[in-house]
Amino acid sequence: MIPPEALAIIKRLWGFDTLRPLQAEAIAATLSGRDSLTVMPTGGGKSLCYQVPPMVTGRLTVVVSPLIALMQDQVAGLRLAGVPAAALHSNLSAGESAEIRALAASGELRLLLVAPERLLLPDTLAWIVKMNPGAIAIDEAHCISQWGHDFRPEYRRLAELREVFPGVPIGAYTATATPRVQDDIAAQLHLRDPVRLVGRFDRPNLTYRVLPRADQVGQIMDSLHRHKDRAAIIYCITRKDTEILAGALKAGGIDAHAYHAGLDASRRTKISRGFRDERVNVICATVAFGMGIDRSDVRLILHASMPKSIEHYQQETGRAGRDGLPAECVLLHSSADLTRWQKIMRMGWEESGAGPEVLRAQYDLLDEMHRMVTSKRCRHAAISEYFGQQYQPAAGATHCGACDACLGELNTVPDSHDTARKIISCVARVNQSFGAAYVAEVLTGANTRKVREWKHDQLSTYGLLKHFPKERIVGYINQLIDAGHLARSPGEYPVITLTESSMPVLRNQTMAVLVEPKLTRSESRTGAPPALAGDESALFEALRALRREMAEKRGVPPFIIMSDAVLEEICRVRPGSVESLINVRGIGTRKADEFGGEIVQAVRAYCQNHGMQLDATQGSRPRRHFGDAPRMTAGARDAAPLFRNGQSIEEVAVALGRARSTIADYLEAFIRVERPASVDAWVNPDLYARVAAVMDELGPGRFKPIFERFEGRVPYDVIRIVAAHRACAQAADR
Ligand code: ADP
Ligand code: ZN
């Protein structure tokens, strides 16, 4: 379908041996002259789809892209890979523009990135017609639809392109579009019978945790501790929120920076540069941050409040784990967020003077988001279904294993029904006339002037919950609102009121349930640090430092030089020569020429000093996958003595009262950490030998082919145990 010379070019320039799903189809569509609409999740590799055709045809491709920062990074990356590219935007001097025009006229330029408003200037358009482009690509194409979440009126005019370039294939690309928005994109751009390529919306390397907000700063600190010294973005609703939060985190010893559009330009640039160059790791930002950020090793995206649509959520969480390595997305929500967004949307709408349908469309998107966060369904499934796709867990699994719902991470609060009754009764006692914070103050027995003035210190409910922090009670009130047992009045000063279902709870006819997150700091399942053995991960840090230096020297962001995934692979392979470096996935010849010498030198020096073998067979240990626990969690530590006694998974599951699958995770962690000489207690030696033989034959990597080879008769648990044990044995051999 895609010509062999295209594959050779991809291998040579980008260093990829294989294509990601739909990339071949998208490239082939353009090469055959057809229009196309490609919807591919963030990190799915959209850029390659429009970057390859001009290298095959030798003709210019014009790429419409909305953000200058993004364009500049992309151009820098392309040039490093050896692709002649340039960006045309309003920040260029006349001289720079002229240079680009000359390059295009000489026929050397392959990719020209340009903002929509710039492209449609009559002068630019006429010039591009003369350049006779071979293809046009429209990035972030959802911006053309008013049903989408990021409507930009200037995109509407792109419809002209179809007429101005009748014979040129147009490809539209986006990461987030419901089926309705997809139709709208094709219609608005006047695409001709486009090839429609819609990828999987699911991001299996992300673990979603959607949690009721209880003690916000504490919850955020806990999440950050799971990803120490790694990149994290915390999204807040308002500018003020970002500053308050960054302040609170700083006070807690975390080097967090606020970022929003209200900061002056130099400060903004400083922070986003710092983040890009890996000098800054934690950012508290409004949604304005991230649009121009391409750092691929973001390990945590945290929403301090509910986002305003599932599209936004998908796009913002899409910035996590673009390197394909595990990453975590935490969303803290409370029903107060809904009211806040409605107010913000209404204000924006009143200012805009748009028709009522525009506000309605925004409210609808908000409602969908709210429904998702308040449900306890699998998050992977909910997101996929929202974008019109059915969710399929990995083969052999019954659930995603990577969201709060499926991991069973919510605990029911002990005595939650009683606690709920105390809260409801307090709402009644204060005459349904106060906000959540005040109700919580009365319940905790706060001695404030307001309480004394209203004589609420004389209520029977005063101080009934004094052993709870106030924030937690506010969280419970929000949960009761979500469950319909209480309500919040609309308006600027919302008060908490009773509902039809309040009395049944007070009378014990309906049982109220309150939940709280079970997760603690030590119970991280996924995320940093990467699943490398001790020495390898120290090498990883050394190479990261080298990458930072190389990036600084060239004035480009480090991720452009190579991603964390590539660095990890280098640590596993430990190439002793540039020739063997080229075999690492993600290293093209151009990059090998430019950086190979320095990298190989660093690897050699490191391995020599640490007695590590060079040119270890590629990926000699199993790849990281979900449930892989680099260190032992608290739960695994509890289980360890039982494993040492040789107890079976079933026995330990009964003893600890945990699910079998959880105990299997613990066992795997136990094996990796304690490296027992034999695993006969869990896998009989004969079966071990047969699984090991298949592993040798199929090579390292995913377990699915092994599982399939045994036609499903050998459970994944057994395969994982064997792999873990062999990995330790191999590490010990070196
Ligand atoms: P998107 O624009 O869809 O968010 P990108 O084009 O930025 O995604 O690609 C995401 C990452 O995936 C980049 O680091 C890119 O180098 C990498 N990538 C793209 N195609 C492939 C491929 N075929 N094999 C391996 N990595 C790829
Ligand atoms: Zn799930």
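The shown structure was predicted, so the numbers you read here are calculated from the model rather than taken from an experiment.

## Focus on the site of ligand 1
Surveying the vicinity of ligand 1 reveals 14 residues, the closest of which are Gln 23, Gly 43, Lys 46, Ser 47 and Arg 322. Between ligand 1 and the protein, one listed contact pairs a nitrogen atom with a backbone N or O atom of Thr 18 at 3.0 Å. At a separation of 3.0 Å, an oxygen atom of ligand 1 approaches a polar backbone atom of Gly 45. It is helix H3 (residues 46-57) that contributes the most residues to the shell around ligand 1, three residues altogether. Class assignment for the residues of the shell around ligand 1 results in four nonpolar, seven polar and three charged.

## Considerations on unusual backbone geometry
With a phi angle near 60°, Asn 431 is a residue other than glycine that sits in the positive phi range. By secondary structure assignment, the location of Asn 431 is in the loop between helix H18 (416-429) and helix H19 (436-444). A relative accessible area of 60% means that Asn 431 is categorised as exposed. Located in the positive-phi region is Asn 508, a residue other than glycine, with phi close to 65°. Structurally, the position occupied by Asn 508 is in the loop between helix H22 (502-506) and strand E17 (515-517). A residue is classified by how much of its surface remains accessible, and Asn 508, at 43% relative accessible area, is partly exposed.

## Overview of the sheet that holds strand E6 (residues 170-174)
The pairing of strands in a sheet comes from backbone hydrogen bonds and takes either a parallel or an antiparallel form. Read across the open sheet, the seven strands follow the order E3-E4-E2-E5-E6-E1-E7; overall the sheet is parallel. Each edge of the open sheet is held by one strand with a lone partner, namely strand E3 (85-88) and strand E7 (195-198). Each adjacent strand pair in this sheet contributes to an overall mean axis angle of 15°, direction not counted. Pairing between strand E2 (residues 61-64) and strand E4 (residues 111-114): four bridges, direction parallel. Its bridge partner being in E4, Val 64 is matched across the sheet by Val 114. Docked against the sheet, helix H4 (residues 68-81) engages E3 and E4, running at close to 165° with respect to E3.

## Looking at the coordination of the zinc ion (ligand 2)
The coordination sphere of the zinc ion (ligand 2) contains the protein donors Cys 378 (SG), Cys 400 (SG), Cys 403 (SG) and Cys 406 (SG), at a distance range of 2.2 to 2.4 Å. Coordination at the zinc ion (ligand 2) is tetrahedral: its four donor atoms span angles of 102 to 117° at the metal. If you list the donors of the zinc ion (ligand 2) from N- to C-terminus, the spacing comes out as C-x21-C-x2-C-x2-C.

## Side note on the nonpolar core
Leu 112, Leu 119, Ile 138, Leu 158, Leu 161, Ile 185 and Tyr 313 are the most contacted members of the largest nonpolar core, which has 82 residues in total. With seven residues, the single largest contributor to this core is helix H16 (residues 356-374). Among the domains, domain 1 (4-198) and domain 2 (206-409) are the pair contributing at least three residues each to this core. Leu 112 has contacts with Leu 60, Thr 61, Val 62, Val 63, Ala 86, Leu 88, Ile 100, Trp 127 and Ile 128, leaving out every residue within four places of it along the chain.

## Comments concerning the sheet that holds strand E10 (residues 256-259)
Strand order in the open sheet formed by six strands is E8-E13-E12-E9-E11-E10, with parallel pairing between adjacent strands. Only two strands of the sheet have a single partner each, and these edge strands are strand E8 (206-212) and E10. Neighbour-to-neighbour, the strand axes of the sheet open up by a mean angle of 15°, direction not taken into account. One ladder, built from five bridges, connects strand E9 (residues 231-235) with strand E12 (residues 298-303); its direction is parallel.

## Side note on the side chain of His 380
Looking at the secondary structure, you find His 380 in helix H17 (residues 379-386). A relative accessible area of 1% places His 380 in the buried class. A distance of 3.3 Å separates a polar atom in the side chain of His 380 from the backbone oxygen of Ala 402. Aside from chain neighbours lying at most four places away, what touches His 380 is Asp 202, Arg 203, Pro 204, Leu 206, Tyr 208, Tyr 391, Cys 400, Ala 402 and Cys 403.

## Quick word on the packing of helix H5 (residues 94-105) against helix H7 (residues 122-131)
Geometry of a packed helix pair, given as the angle between the helix axes and the separation of the axes. H7 packs onto H5 with a crossing angle of 25° between their chain directions and a minimal axis gap of 10 Å. Between H5 and H7, the angle falls in the class roughly parallel. Considering the relative orientation of H5 and H7, their crossing is left-handed. Touching Arg 101, Ala 104 and Ala 105 of H5 are Asp 123, Thr 124, Trp 127 and Met 131, all from H7. Of the residues assigned to the contact of H5 with H7, the class counts are four nonpolar, one polar and two charged.

## Side note on the packing of H18 against helix H21 (residues 470-482)
Running from N to C, H18 and H21 point in directions that differ by 90°, and their axes come no closer than 11 Å. The pairing of H18 with H21 is recorded here as roughly perpendicular in orientation. Residues Thr 419, Ala 420, Ile 423 and Ile 424 of H18 pack against Ile 473, Tyr 476, Ile 477 and Leu 480 of H21. Split by residue class, the contact of H18 with H21 holds seven nonpolar, one polar and no charged.

## Overview of the domain arrangement of the protein
Note: interface size is frequently given as the accessible area lost on complex formation between the parts. Partitioning the protein into structural domains gives domain 1 (4-198), domain 2 (206-409), domain 3 (412-517), domain 4 (534-610) and domain 5 (634-733). Facing the twelve residues of domain 2 at the interface are 14 residues of domain 4. With both chains or domains summed, domain 2 and domain 4 bury close to 1100 Å², and 47% of this area falls on carbon and sulfur atoms. Its largest share of buried area at the contact with domain 4, domain 2 owes to Arg 230, Arg 276 and Glu 278, together 44% of the area lost on that side. Across the salt bridge formed by Arg 548 and Glu 278, the nearest N and O atoms sit 3.5 Å from each other. Remark: the boundary between domain 2 and domain 4 carries two residue pairs in polar contact (both at pLDDT 80 or more). When the residues that make up the side of domain 2 that touches domain 4 are grouped by side-chain class, the tally is one nonpolar, one polar and ten charged.

## Focus on the packing of aromatic side chains
In total, this model carries eleven aromatic pairs according to the counting rule given. When the ring of Phe 201 is compared with that of Phe 387, the centres are 4.4 Å apart and the planes differ by 15°; the resulting orientation is stacked. In this pair, Phe 201 is assigned in the loop between E7 and E8 and Phe 387 in the loop between H17 and strand E14 (410-412), connecting sequence segments 186 residues apart. We note that Phe 201, like Phe 387, is buried. Taken together, a centroid distance of 5.3 Å and an interplanar angle of 45° make the contact between Phe 643 and Phe 670 tilted. One end of the pair, Phe 643, is in helix H28 (residues 634-644); the other, Phe 670, is in helix H30 (residues 660-674), and 27 residues separate them in sequence. In this structure, Phe 643 and Phe 670 share a single accessibility class: buried. Put simply, the rings of Phe 201, Tyr 386 and Phe 387 touch in pairs and so form one group of aromatic residues. Geometry around Trp 127 places Arg 101 over its ring, the cationic atom sitting 4.7 Å from the centre. The side chain of Arg 295 reaches across the aromatic face of Phe 275, ending 4.9 Å from its centre.

## Observations concerning the pattern of salt bridges
Going through the model one piece at a time under the given rule, you end up with 40 salt bridges. Among the salt bridges present, the one from Arg 379 reaches Asp 404, with a minimum N-O distance of 2.9 Å. Separated by 25 residues along the polypeptide, Arg 379 in helix H17 and Asp 404 in the loop between H17 and E14 bring together distant segments of the chain. By relative accessible area, which is 1% here, Arg 379 ends up buried. Ionic pairing is found between Glu 697 and Arg 709, a salt bridge with its closest N-O pair at 3.0 Å. Here the residue Glu 697 occupies a position in helix H31 (residues 685-698), and Arg 709 occupies one in helix H32 (residues 704-709), the gap between them amounting to twelve residues. Taking the relative accessible area as the measure of exposure, Arg 709 reaches 39% and is therefore partly exposed. Members of the salt-bridge network, linked through shared partners, are Arg 230, Glu 278, Arg 295, Asp 297, Glu 541, Arg 544, Arg 547, Arg 548 and Asp 564.

Reading the values: the criteria
Residues numbered from 1 in each chain as written. Chains lettered and ligands numbered in written order. Predicted model: local features only at pLDDT ≥ 70, side-chain atom pairs only at ≥ 80, totals over all residues. Heavy atoms only, no water. Near = heavy atom within 4 Å. Polar contact = N/O pair within 3.5 Å; in protein donor to acceptor, adjacent residues only side chain to side chain. Helix = DSSP H or I, 4+ residues; strand = E, 2+ residues; numbered from the N terminus. Nonpolar A, V, L, I, M, F, W, Y, C, P; charged D, E, K, R; others polar. Buried < 20%, exposed > 50% of the residue type's maximum accessible area, 1.4 Å probe, protein only. Pairing = 2+ DSSP bridges. Axes fitted to C-alpha atoms, helices over the stretch in contact; angles between N-to-C directions. Contact = heavy atoms within 4.5 Å. Donors = N, O, S within 2.8 Å, 3.2 Å for Na, K, Ca; no water. Tetrahedral: all angles 85-135°; square planar, octahedral: opposite > 155°, others 65-115°. Core = buried A, V, L, I, M, F, W, Y, C linked by side-chain atoms within 4.5 Å. Domains from an automatic or database assignment. Parallel < 35°, antiparallel > 145°, perpendicular 65-115°, else oblique. Left-handed = near helix turned anticlockwise from the far one by under 90°. Buried area = accessible area lost by both parts, 1.4 Å probe. Salt bridge = Lys/Arg side-chain N within 4 Å of Asp/Glu carboxyl O. Phe/Tyr/Trp six-rings, centres within 6.5 Å; stacked < 30°, edge-to-face > 60°. Lys NZ or Arg CZ within 6 Å of the ring centre and 35° of its normal.

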